[in-house]
Structure formats: C-alpha cells, structure tokens
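Below, each chain spelled out in residue letters.
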Amino acid sequence: MDHLDPGTTPWMAARVGKAFEQAYGGTPDLVARAPGRVNLIGEHTDYNGGRCLPLALPHATYVAARRREDDRVRISSLTVEGEWTGSTKDLAAAPGWASYVTGVLWVLEVERGFDLVIASSVPVGSGLSSSAALECAVAVAVDALHGHPLDDVRRRHLAAACMRAESEIAGAPTGGMDQLVAMLAPDGDALLIDFHDDSTRPVPVPLQEGGLQLLVIDTGVRHALADGAYAARRRECEAAAHLLGVPTLARASEDSWSRLSDDVLMRRARHVLTECERVDTADQAIIEGEWAELGAVLDASHASLAHDFEVSCAELDVAVETARAAGALGARMTGGGFGGSVIALAPADRVTDVAATVAAAYAARGWSSPTFLVAEPSAPAGVVG
Ligand code: GLA
C-alpha cells in the first residue's frame, strides 16, 4: 500500500546533519536518535504503579548536537516551525515544543550551551510519543557530549530525567512508560514494564509466525496531554487509591473497585485494575501464540478505556470498530487518548483491506483521512553518527 508510512530510514541521520550545517555552519559533534512507541496494552497504568507492554517504533527523532564554549543555546527543527535561542539561564522559560528540549537541558543542569537541530519521523500529537522521542534524543546527545557511557543504569537515569523535564517544564504530568521504552526497548521485542518496582522484561512478539501484523491507524485528531484531561484522570486515580487505602491503584486487590461508592472513581479504578490483569493475559497469550485471545484482550482494553476511563473519542471508536469489522482480530486506542492512534492486530494479508476500509469509513463521515503504518519493534535510543 503506498500510503503505509515505512518509518525511519537511514538517511534521517544524514539529513539532520546537513540541516545542521545549513543552520549553524560546520558539522555537529554527533547525532543521536530516540524512537516513538506504540503501547500494545496497559494504558493509564504507569502512573498507577501498574504494568504495560509497549514497543519502540522504527519512527524516531534525530538530534544533531554541538557543544558551545559560551552559555548560548540554539535549537531549530525541520519538523516544527521556528527556532529557539536563549542562554542556559532561560531554560525553564522556553515556550511550546522548545520546552521539551530545554526542559531536558535544565534537568541535566548543563552549564555550557549547545547548538541543536532536530528532525523527526514520529508524527506529532499522534499518541506515538513524539515528545518522549524528542526528550530522549536530546538527553542521549547531551549526555554523550558530557562523556557518559550509555549503559543500562545511565539509560534509566536519562529516562527519569526526561520524565521530570516533561512534567516540571513542559507541564505534562505523564507516567514514564514512553521515556522508559524509548531508552530501554529491546531491539525487535516489546518491553514489559512493571511500575511497582520499575522492573522490565523483553517480550518477543512473533506476530509473523501467526501471519499477523500490527497496523497503526493515526486518526489525525491531535491531543495535548498538557490540556488538563490527562492530569484530571491522574487526580481521580489518586483519589480512588486514597479511598481504598493503597499508595497506588495497582496495589489494590482485583475487585476492590466495587467498594467505591462514587461512580466515576469506581470506573477509573475498575479500568486500572482490569487493565493490569489484561496485560498479564496478553503476555501469556503472546507466549502461547494464542492470537485470537490477544485480539480479544485488545478489544476489552478499548471498551474499558472508552466506558470506564473515558479517554476515547468518536474517531478512535470508528477506527477500532471498522478495523474489527474488516477482519482485525482485535483493536484498541493506544497512548493517552482523546485522539491519537489505534492499533489493530490484523492478518498480514488483510492489512491493506483493513486500512482501506477505515479510510472509507472516515471519508463517509466527512473526516480527513487517517494515516497508517505497520509497527515493527525497533531499537532504543542511542548515538548514531
Ligand atoms: C501517555 C503518557 C504515558 C501513559 C499513557 C497512557 O502516553 O505519556 O505516561 O500514561 O499516556 O497509558
């Protein structure tokens, strides 16, 4: 299918290097890359101390970086309009997209300045974690320029720094899944993360053996996690945990949600607790190659996100329902919600039909066409040039 986006290609690193020369003259000291992600299952569980199962996409953000001798910081992007320049003293005050970059420099307490040029193949606002890809690419670039080897401990340190940057400077109190998978993704596998103790485990997902592919449908409806709805869900979860007497919702017993008398808090808690169980069911289904079971659990996740957690929208629901009707084994929204993307587990020979049917359903409603990509588990962040 010609409108299936293949994701990152090796020329992205060269392209961002060339753009650096044009913007700032001379060559960058290095180029770093960090991937976007899709979450297979385990949505809105990370900030509740629960489990999730994301994988890194081949789509990634590239940062060409060069150290400066003074305290100036210059940031420009091939993906988003505009340039930000300032000093290392202004890092906490950058507006808009630049705050995702300056926030990381601020958390890492850089003293000297940098010239940074950014290019990305992760669609912005698509629920594929473009912001974590940007933060992690910047963190890896700057950390490498400070001479730190990128071992596992450092990767976790940088993921935590990026998370802090996103919540304290960019103003989106996200839960950590996106940064952790961008930094720790096992190349070619999904990553099970348990936020109870931040432990991780690679999960091979041999979809090919089942004759399947994971189709990503970007609805084109743009969300902003900083707009308050995400923070409101977090507060509701914290309130529910408080009423149940546990530090985080995932620590509550399986059916304890039924003890909550407030209908909204009961449904939020039910989503989180049942979603953690669905992660375990999905993990087991993948190990056993029970693909129909995996499809069913994706469907159940979407229903729970739509009805109990209330983070879906018409465009996501139509993509999910149409994908299923066109032959997907299961489908669900992925990421924070309120727009963004859907994943559909589809027989490889039906992926084109599923995409075409979803595009037709959108056209019939007068909505602009969604875009499509096939998710292949890819590599974590690193220096690439
Ligand atoms: C966004 C956040 C993540 C996570 C998901 C929902 O992607 O960045 O931390 O909470 O939403 O699962």
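Everything here concerns the structure above.
Rules used throughout
- Residues numbered from 1 in each chain as written.
- Predicted model: local features only at pLDDT ≥ 70, side-chain atom pairs only at ≥ 80, totals over all residues.
- Heavy atoms only, no water.
- Helix = DSSP H or I, 4+ residues; strand = E, 2+ residues; numbered from the N terminus.
- Buried < 20%, exposed > 50% of the residue type's maximum accessible area, 1.4 Å probe, protein only.
- Contact = heavy atoms within 4.5 Å.
- Polar contact = N/O pair within 3.5 Å; in protein donor to acceptor, adjacent residues only side chain to side chain.
- Expected span 1.5 Å × (residues − 1).
- Pairing = 2+ DSSP bridges.

A.B. asks: Account for the environment of Arg270, with residues named and values stated.
C.D. replies: Following the sequence through the fold, Arg270 ends up in helix H7 (residues 263-288). Look at Arg270 and you get partly exposed, because its relative accessible area is 24%. Distance in space between the C-alpha atoms of Arg270 and Glu81 is 42 Å, their sequence separation being 189 residues. Beyond its immediate stretch of four places on either side in the chain, Arg270 contacts Trp257 and Asp308.

A.B. asks: A description of the side chain of Asp178 should follow, citing residues and the corresponding values.
C.D. replies: With respect to the element layout, Asp178 can be found in helix H5 (residues 177-184). Under the relative-accessibility criterion, Asp178 is labelled buried at 13%. Engagement of the side chain of Asp178 in a polar contact is seen with the side chain of Ser129, the distance being 3.5 Å.

A.B. asks: Lay out helix H8 (residues 291-308) with the relevant residues and their values.
C.D. replies: For H8, with 18 residues, the first-to-last C-alpha span of 25 Å sits near the 26 Å given by 1.5 Å per residue. When H8 is considered as a whole, its buried residues turn out to be Trp291, Leu294, Gly295, Val297, Leu298, Ser301, His302, Ser304, Leu305, Ala306 and Asp308. Here the buried face of H8 lies against strand E9 (212-218), H7, helix H9 (314-325), strand E10 (330-334) and strand E11 (341-347). Glu310 sits one or two positions beyond H8 and adopts a positive phi of about 55 degrees.

A.B. asks: Explain the pairing of strand E3 (residues 54-67) to me, using residue names and the numbers behind them.
C.D. replies: Taking burial as the measure, the 14 residues of E3 include 13 buried ones, the bulk of the element. The pairing of strand E1 (residues 30-39) with E3 spans nine bridges and is antiparallel. From the neighbouring strand, Val31 faces E3, where its bridge partner is Ala64. Sheet topology note: the E3/strand E6 (residues 114-120) ladder contains seven bridges and is antiparallel. From the neighbouring strand, Val63 faces E6, where its bridge partner is Ile118.

Don't take any of this as a statement about function, it's just geometry.
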